[in-house]
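The chain contents come next:
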Amino acid sequence: MDTKLFLAQQKEAQQQQFNYFKEQQEQLLQTMLAAPTNQKTDANGIINSLNNRIPTFTYAPEDGEIFDKWFGRHEDTIKLDGVDLDDKAKARFILTKLDKREAEQFRNHIFPKSPAEVNFEDTIQMLKKLFNETKSLTRLRYELLSVNFDGYDRK
C-alpha cells in the first residue's frame, strides 16, 4: 500500500513539473514572438544597401576629392534611403565609408571621445572641417590680386 501511495505522489509531482515547464515554455515563446527583431534586421538591410551603393571616401584635395563633394553626391541617398536609421547608425555608417587614413585622423581629432559618442550632424561638420580644400594665406592673397576688375588686371 505504501508503494502505491508513493508512486501516485511521484506521478502527481512529475505531472505538476511537466505542466510548470510547459507553461514556462509557452510564456517564453510568446515573449520571443512579440520582440521587435525585424527592426534590427531592417536596419542591417538598409546599411548593406547603402554600403553597396556608396564608395569609400579617400581624401585627395589635389584631385578635387574633398569631403564636401563626396558627401554632396551621397547626402540624399544617405538621408532619404536611410530615413529609418537613427542618427547614431548614420554616423557609424559614414565612418565606415572613410578610408583607413581618414578614419584614423578622425579618431585622433575627437580623442578622448569615441566615434560612437559623436552624433551625425557633429560627425559631418568635423569631417567637413578635416577633409575640405585648404588654401594657404599666400594662395588666397594671390587669387584676390589676380581678379580682374572692369577688365583691368590689378597686376
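Here is what the cut-offs are and how they apply
Residues numbered from 1 in each chain as written. Predicted model: local features only at pLDDT ≥ 70, side-chain atom pairs only at ≥ 80, totals over all residues. Heavy atoms only, no water. Helix = DSSP H or I, 4+ residues; strand = E, 2+ residues; numbered from the N terminus. Buried < 20%, exposed > 50% of the residue type's maximum accessible area, 1.4 Å probe, protein only. Polar contact = N/O pair within 3.5 Å; in protein donor to acceptor, adjacent residues only side chain to side chain. Phe/Tyr/Trp six-rings, centres within 6.5 Å; stacked < 30°, edge-to-face > 60°. Arc of directions from axis to C-beta. Contact = heavy atoms within 4.5 Å. Core = buried A, V, L, I, M, F, W, Y, C linked by side-chain atoms within 4.5 Å. Axes fitted to C-alpha atoms, helices over the stretch in contact; angles between N-to-C directions. Parallel < 35°, antiparallel > 145°, perpendicular 65-115°, else oblique. Left-handed = near helix turned anticlockwise from the far one by under 90°. Nonpolar A, V, L, I, M, F, W, Y, C, P; charged D, E, K, R; others polar. Salt bridge = Lys/Arg side-chain N within 4 Å of Asp/Glu carboxyl O. Patch = residues over 30% accessible without salt bridge, like charges linked within 9 Å, V, L, I, M, F, W, Y side chains within 5 Å. Areas by Shrake-Rupley, 256 points an atom, 1.4 Å probe, with all protein chains shown as cover. Lys, Arg positive; Asp, Glu negative; His and termini not counted. Charge placed at Lys NZ, Arg CZ, Asp CG, Glu CD.

**A word on the environment of Arg73**
Item 1. Examined against the element boundaries, Arg73 turns out to sit in helix H3 (residues 67-81).
Item 2. Taking the relative accessible area as the measure of exposure, Arg73 reaches 47% and is therefore partly exposed.
Item 3. Counting along the chain gives 19 residues from Arg73 to Ile54, while the straight-line C-alpha distance between them is 9.3 Å.
Item 4. There is a polar contact of 3.4 Å between the side chain of Arg73 and the side chain of Glu65.

**Details of the packing of aromatic side chains**
Item 1. Considering all chains together, one arrives at 8 aromatic pairs under this definition.
Item 2. Clustering of aromatic rings is evident, with ring pairs tying together Phe57, Tyr59, Phe67, Trp70, Phe71, Phe120 and Phe131.

**Notes on helix H6 (residues 120-130)**
Item 1. Every buried residue belonging to H6 is among Phe120, Thr123, Ile124, Leu127 and Leu130, and all of these are buried. Looking straight down H6, one finds that the buried residues subtend no more than 135° of arc, so they occupy a single side.
Item 2. Those residues of H6 that are buried lie in contact with H3, helix H4 (87-96) and helix H5 (100-110).
Item 3. The backbone nitrogen of Glu121 lies 3.4 Å from a side-chain oxygen of the residue at the head of H6, namely Asn119.

**Quick look at the nonpolar core**
Item 1. Among the nonpolar cores identified, the biggest contains 26 residues, and Phe67, Phe71, Ile94 and Leu127 are the most heavily contacted of them.
Item 2. When residues of this core are assigned to their parent elements, the largest contribution, 5 residues, is made by H4.
Item 3. Discounting residues that sit within four places of it in the chain, Phe71 has contacts with Ile78, Ile94, Phe120, Ile124 and Lys128.

**Concerning the packing of H5 against H6**
In a packed pair of helices, the relevant descriptors are the angle between the two axes and the axis-to-axis distance.
Item 1. Close contact between H5 and H6 brings their axes to 11 Å; oriented N to C, the two are set at 110°. Taken together, the axes of H5 and H6 are roughly perpendicular relative to one another. Of the two possible hands of crossing, H5 and H6 adopt the one that is right-handed. Counting all contacts with H5, which are made through Gln105, Phe106, His109 and Ile110, the residues of H6 involved are Thr123, Met126, Leu127, Lys129 and Leu130.
Item 2. Partitioning the contact of H5 with H6 into residue classes produces 5 nonpolar, 3 polar and 1 charged.

**Examining the pattern of salt bridges**
Item 1. The tally for this structure, following the rule as stated, stands at 6 salt bridges.
Item 2. Two residues, Asp68 and Lys128, come together in a salt bridge whose shortest N-O distance is 3.8 Å. Pair noted here: Asp68 is in helix H3 and Lys128 is in helix H6, with a separation of 60 residues, a long-range link.
Item 3. On the basis of relative accessibility, which here comes to 37%, the residue Asp68 falls in the partly exposed class.
Item 4. Overall, Lys128 belongs to the partly exposed group, its relative accessible area being 25%.
Item 5. One salt bridge connects Arg101 with Glu102, and the closest N-O pair in it is separated by 3.0 Å.
Item 6. Taking relative accessible area as the criterion, Glu102 reaches 1% and is therefore assigned buried.

**Structural notes on a negative patch on the surface**
Item 1. On the surface, a cluster of negative charge is contributed by Asp86, Asp87, Glu121 and Asp122.
Item 2. Its relative accessible area of 42% is what places Asp87 among the partly exposed residues.

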